[in-house]
Amino acid sequence: MNDFYQKLAAIRHDIHQNPEISEREYNTTEFLKGYLAELDIHIVEDDLKTGVIAEIGHGLPVIALRADIDALPIKEKTGLDFASHNGAMHACGHDFHQTSLLGAAEILKGMEPDLKGTLRLFFQPAEEVSKGAYQVIEADGLKDVSAVIGYHNYPHFKPGQIGLRSKAIMAAVEKFTVRVSGVSGHAARPDLGADTVLAITTMINSLQAIVARMTSPFEPTVLSVTHIEVGSTWNVMPKDGFFEGTIRSFDPAGRATLRQRFNKIVENTADQFGVDVAIDWGRTPTVTYNDETLTPLIFENSKRFADVFEVEPLSIGEDFAAYQEQVPGVFALIGSNGDEGAADLHHDTYTVKDEALETAVTYYVENAQLLLDYFASKG
Ligand SMILES: [Zn+2]
Ligand SMILES: [Zn+2]
């Protein structure tokens, strides 16, 4: 690695050692602002509590480059000499993301007089809790934006590799919580009560029919119930219980149907057993859906500096999808490890390789210019 990437690697280690969880990225935000100010990059005044919006260049078109900055509440077990000891961990590699955007910012600042418009940089908070993209949008981050690009580091690809595809690249995420309330009583006289246990187990069984019997085999969909709580002893029918879980799917238009089917099964079952039910759907990302015009352009352009190939969609989610609901966007997977048995995202031994930074920086730098030129020529 040359001096520039050695410097970036040192910055990443520093960020890695001082992680902050979603919506508490205070020191990270201060650090980013200080670093950008030193590069003489304009920091946009906004209402963000954490996170930074900055700009290079001026006028239209505006292209947004996004990196997320938050860590997870995981106790790190990597054994790295720059491991975190504060109970949080950059186990999703957002230390890598923000460092690569700082690197790209420095290079693009050097090209500022030649840029055909404005590059708006989102150092986005709170991705892990699916709030940060909405906060950036509410802070007017997408004003005048023609397109947005971003990426996630991907441990199963090697440094220098980029996985990309048009249309869905990451899943829509649903998070459901169902609270069930029956009539408690003696286990010996269930006929005098309303059984919450049987209602919940029947609901969970019936819900499996949504994927198995009601969804096209050509539309990959997952429904997982992951947490149940009901009852406390052997001879009392409990009054209250709940379960929660998630649905993952790839058709933006199909989300509403999945939720309707879910609601119907749960409500009908509740009716059948005489219990009350309340269903809560969390605010979660929709499909990360890559623009069908811009993605092939970025695919071809990235071949100049990386090994680019088409990928299958991932069943994890990304709040980058919130930007793509408003403006065309492209989201890539950039190789960050590639070793056999490399830890997966969100594991307490998760590591990325510094040598992967160059591809990530270049992805921003080259494709930001490509999109500025593209939208400038469209006028
Ligand atoms: Zn994550
Ligand atoms: Zn992530």
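Since we're looking at a predicted model, the values are computed, not measured.

Enquirer: What's the story with the coordination of the zinc ion (ligand 2) in this structure? I'm lost.
Expert: When four donors bind a metal tetrahedrally, each ideal donor-metal-donor angle is 109.5 degrees, and when six bind octahedrally, the ideal angles are 90 or 180 degrees. At this site the zinc ion (ligand 2) is bound by C92 (SG), H94 (NE2) and H152 (NE2), with donor distances of 2.1 to 2.3 Å. All donors of the zinc ion (ligand 2) come from a single chain, and their spacing in sequence reads C-x1-H-x57-H. Judged by its relative accessible area of 6%, C92 is buried. Classification of H152 as buried rests on a relative accessible area of 4%.

Enquirer: Is there a simple way to explain the packing of helix 1 (residues 3-17) against helix 9 (residues 357-378) in this structure?
Expert: Relative placement of two packed helices is described by the angle separating their axes and the distance separating the axes. Running from N to C, helix 1 and helix 9 point in directions that differ by 100°, and their axes come no closer than 10 Å. It follows from the interaxial angle that helix 1 and helix 9 lie roughly perpendicular. Together, Y5, L8 and A9 of helix 1 and L357, E358, V361 and T362 of helix 9 make up the contact between the two elements.

Enquirer: When you look at the coordination of the zinc ion (ligand 1) in this model, what are you seeing that I'm missing?
Expert: Here the zinc ion (ligand 1) is held by C92 (SG), E128 (OE), E128 (OE) and H346 (NE2), and the distances to it run 2.0 to 2.5 Å. For the zinc ion (ligand 1), the four donor atoms in the first shell make angles of 55 to 151° at the metal, a pattern classed as irregular. The sequence motif formed by the donor residues of the zinc ion (ligand 1) is C-x35-E-x217-H. Between the zinc ion (ligand 1) and the zinc ion (ligand 2), the interatomic distance is 3.2 Å, and C92 donates to each metal, bridging them. Placement of E128 in the loop between strand 4 (118-124) and helix 4 (132-138) and of H346 in the loop between strand 16 (329-335) and helix 9 is noted, with a sequence separation of 218 residues between them. Accessibility expressed as a relative area gives 37% for H346, which makes it partly exposed.

Enquirer: Just to check I follow, could you spell out the sheet that holds strand 8 (residues 172-181) for this structure?
Expert: One key point about sheets: their strands pair by backbone hydrogen bonds, in either a parallel or an antiparallel sense. Spatially, the four strands line up as an open sheet ordered 10-12-8-13, and their pairing is antiparallel. Each end of this open sheet is capped by a strand with a single partner; those strands are strand 10 (221-230) and strand 13 (276-281). Here the average twist between neighbouring strands, direction ignored, is 20°. Those strands touched by helix 5 (residues 196-214) are strand 8, strand 10, strand 12 (240-249) and strand 13, and its axis lies near 170° from that of strand 10.

Enquirer: Help me out: how do you make sense of the sheet that holds strand 1 (residues 42-43) in this one?
Expert: The mixed open sheet is built from eight strands, whose spatial order is 1-2-4-3-5-16-6-15. Edge positions in the sheet fall to strand 1 and strand 15 (307-310), since each has one partner strand and no second. In terms of strand pairing, strand 3 (residues 62-68) meets strand 5 (residues 145-154) through four bridges, oriented parallel. Along strand 5, the bridge assignment pairs L65 with I149. Strands strand 2 (52-57), strand 3, strand 4 and strand 5 of the sheet are contacted by helix 3 (residues 94-110), whose axis makes an angle of about 145° with strand 3. Relative to strand 5, helix 9 is tilted by about 165°, and along the sheet it contacts strand 3, strand 4, strand 5, strand 6 (161-164) and strand 16.

What counts, and at which threshold
Position numbers for residues count from 1 along each chain, tracking the sequence in the order it is written. As a convention, the first chain written is A and the first ligand written is 1, with the rest following in written order. Predicted model: local features are reported for residues with pLDDT of at least 70 only, side-chain atom pairs are reported and counted for 80 or more only, and whole-chain, interface and lining totals are derived from all residues. Each side-chain value is derived from all of the structure's non-hydrogen atoms; neither hydrogens nor water enter the calculation. Here the coordinating atoms are restricted to nitrogen, oxygen and sulfur within 2.8 Å of the metal centre, or 3.2 Å for Na, K and Ca, and because water is not among them the sites may look incomplete. For each residue, the accessible area found with a 1.4 Å probe, counting protein chains only, is set against the maximum for its type, and the residue is called buried under 20%, exposed over 50%, and partly exposed in between. Here the axes come from fitting lines to C-alpha atoms, over the contacting stretch only for helices, and the angles between their N-to-C directions go from 0 to 180 degrees. Secondary structure follows DSSP: runs of H or I at least 4 residues long count as helices, runs of E at least 2 residues long count as strands, and numbering of each begins at the N terminus. Note on angle classes: values under 35 degrees are labelled roughly parallel, values over 145 roughly antiparallel, values of 65 to 115 roughly perpendicular, and the remainder oblique. Residue contacts follow a heavy-atom distance rule, with two residues in contact if any of their heavy atoms lie within 4.5 Å. Any coordination sphere not matching a tetrahedral pattern (four donors, all angles between 85 and 135 degrees) or a square planar or octahedral pattern (four or six donors, opposite donors over 155 degrees apart, other angles between 65 and 115) is reported as irregular. Two strands make a pair as long as DSSP finds a minimum of two bridges between them.

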